[in-house]
Structures are given as C-alpha cells and as structure tokens.
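Each chain, letter by letter, is given below.
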Amino acid sequence: MTQSSATPDQVIQQLNWRYATKQFDPDRTLPDEIWSALEQSLVLAPSSFGLQPWKFFVVRNPALRQQLREHAWGQAQVTDASRLVVLAIKKDIGAPEVDQFVERMATVRQVPAETLEGYGDMVKKFLAAPPYPLTMDGWATRQVYIALGFLMYSAAMLEVDACPIEGFDAAKDRGLNKRVTMPDNKGIQ
Ligand SMILES: Cc1cc2nc3c(=O)[nH]c(=O)nc-3n(C[C@H](O)[C@H](O)[C@H](O)COP(=O)(O)O)c2cc1C
C-alpha cells in the first residue's frame, strides 16, 4: 500500500456516490486526463491467461451513435454521454492469437520465446477443449464483464457519471435478433 492509496472510507464513499446515470448533459465533455485514466482502467483489467479476449470501441461519430441508440431501446445515454464505449468479445481465438500473445509476453519480459512455449501450449490446449461447459464466446463474455467492472469502479473513484447498458440488441444488424418490445422506453433495467 502506498501513501496515495485510497482509504477504505474513501472507497466506500465513492461506491456510495455511484449510480447508474440515466440523463447526461450532452454539452459536457470529460477532461482528457480523466478520460485517459478510464481508458487505462480497461486496458489494465485482468483476463484469463492475460489473453484479453476483447475489443473496446469508443464511438465518436454522432450519426453512428444515433443509429446505436435506435438499437438500444432508444436510451438517451447512448447519444448524450460524453463517451460511449462498446465492449465486445473477440471471436474465434485460437493458436495464432496465442502465439502472438506469447511473443509479446517474451518481448515485454525480455525472455527468450522458447521459455514460454510450455505456457503457450497449455493455453492452446485450454482453448481447444475448455474444462467446463461454456462456449468460447461465453468464456470471453465473462472476461469482458470484468473490464466493465473496472471501468465502472474507476469512474466512481473519479466521480464520473456512468451507466452500464445491456439493454441493446447486439444482433440487430445481422438479422439474427428476436424482437424485443419495450413500451415507450419504459421498464428499462
Ligand atoms: C450489466 C448491466 C446492464 C445494465 N443495463 C442497463 C440499461 O440498459 N439501461 C439502464 O438505464 N441501466 C442499466 N443498468 C443499470 C442498472 O439498472 C442499475 O445499475 C441498477 O438499477 C442499480 O442502480 P444503481 O446502479 O444506480 O445503484 C445495467 C446494469 C448492469 C450491471
């Protein structure tokens, strides 16, 4: 623990401060240094094996945000918040991604790639036959929720209003959706 760590009281105080914000002022923007810390909170989130089976999209284009809002039960947060982050999973993670990951690990740790071969093989084996009844997409989705938690927590610590949103239809554009009917945008989670 360093001197600059938050105290237990401060953590609880900030968590009490947090709430799922329904209305954002579209004219307010986050200062760059605050936004940068929030981005880092996503990058620094832990994941199984460190594989980071995710991709985060920061959607800036207002027209695109409007389109996304239409696929998110018309929720105003999608267009009005200073930042919109879409947390997505990487699909079809396999041996090539593991090789790339292990290579990067060797570079960062400044160790020969061969020393990490066993680790890479173990991860590949896991991905080929996960030891529990879960699809790889389901596995990756779990990881993404950890990143979401980090983002929400960090926003609370920095007193940044935030709202996690699961009320959207991810399959809309692919025509795979089952129709979700929400009366007048009410009854949202
Ligand atoms: C995974 C998840 C999905 C959520 N989806 C929505 C949503 O689509 N729209 C919304 O307004 N709130 C959404 N919420 C916020 C919850 O409704 C809110 O966190 C809950 O009612 C508790 O309120 P509080 O966060 O203000 O304490 C979501 C929360 C979580 C954790």
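This text goes with the structure placed above it.
All residue numbers refer to positions counted from 1 along the written sequence of the respective chain. Owing to the predicted nature of the model, reporting of local features is limited to residues with pLDDT of at least 70; listing and counting of side-chain atom pairs is limited to 80 or more, with chain, interface and lining totals taken over all residues. As a convention, hydrogens and water are excluded, and side-chain values are obtained from all of the structure's heavy atoms.

A. Structural view of the packing of helix α5 (residues 95-109) against helix α6 (residues 117-128). For every element, the axis is a line fit to its C-alpha atoms; helices are fit only across the contacting stretch, and the angle between N-to-C directions ranges from 0 to 180 degrees. Counting from the N terminus, the helices are the DSSP runs of H or I reaching at least four residues and the strands are the DSSP runs of E reaching at least two. Between α5 and α6, the shortest axis-to-axis distance is 10 Å and the interhelical angle comes to 150 degrees. Relative to α6, the element α5 lies roughly antiparallel. The hand of the α5/α6 crossing is right-handed. Taken together, the residues of α6 that come into contact with α5 (itself represented by Ala-95, Val-98, Asp-99, Phe-101, Val-102 and Met-105) are Tyr-119, Gly-120, Val-123, Lys-124 and Leu-127. Under this grouping Gly is polar, as are all residues other than the nonpolar Ala, Val, Leu, Ile, Met, Phe, Trp, Tyr, Cys and Pro and the charged Asp, Glu, Lys and Arg. Broken down by class, the residue content of the contact of α5 with α6 amounts to eight nonpolar, one polar and two charged. To sort the angles, those under 35 degrees are grouped as roughly parallel, those over 145 as roughly antiparallel, those from 65 to 115 as roughly perpendicular, and the leftovers as oblique. Note: crossing handedness is left-handed where the near helix turns anticlockwise from the far helix by less than a right angle, and right-handed where it turns clockwise. Any two residues whose heavy atoms approach within 4.5 Å at even a single point are treated as in contact.

B. Quick peek at unusual backbone geometry. For Gln-52, which is not glycine, the phi dihedral falls at a positive 45 degrees. Turning to its location among the elements, Gln-52 is positioned in the loop between α2 (32-43) and β1 (54-58).

C. Seen up close, the side chain of Ser-47. In this structure, Ser-47 sits in the loop between α2 and β1. Definition of a polar contact: a pair of N or O atoms within 3.5 Å, with one able to donate and the other able to accept a hydrogen when the atoms are protein atoms, and with sequence-neighbouring residues admitted only if both atoms are side-chain atoms. At a separation of 3.3 Å, a polar atom in the side chain of Ser-47 contacts the main-chain amide nitrogen of Leu-51. Discounting chain neighbours no more than four positions away, the residues touching Ser-47 are Gln-52, Pro-53, Trp-54 and Gln-143.

D. Empty space enclosed by the protein, seen in detail. Using protein atoms alone on a 1 Å grid, points that fit a 1.4 Å probe yet trap it form a cavity, whereas open point sets bounded by protein on both sides within 12 Å along at least five of seven lines form a pocket; residues with an atom within 4 Å of a point count as lining. Grid points are joined across faces, edges and corners, and a volume is the space filled by probe spheres set on the points. Going through the model one piece at a time under the given rule, you end up with one cavity of 30 Å³ or more. Here the largest cavity defines a volume of roughly 40 Å³. Along the lines of polarity and charge, the residues of the lining of the largest cavity split into four nonpolar, no polar and four charged.

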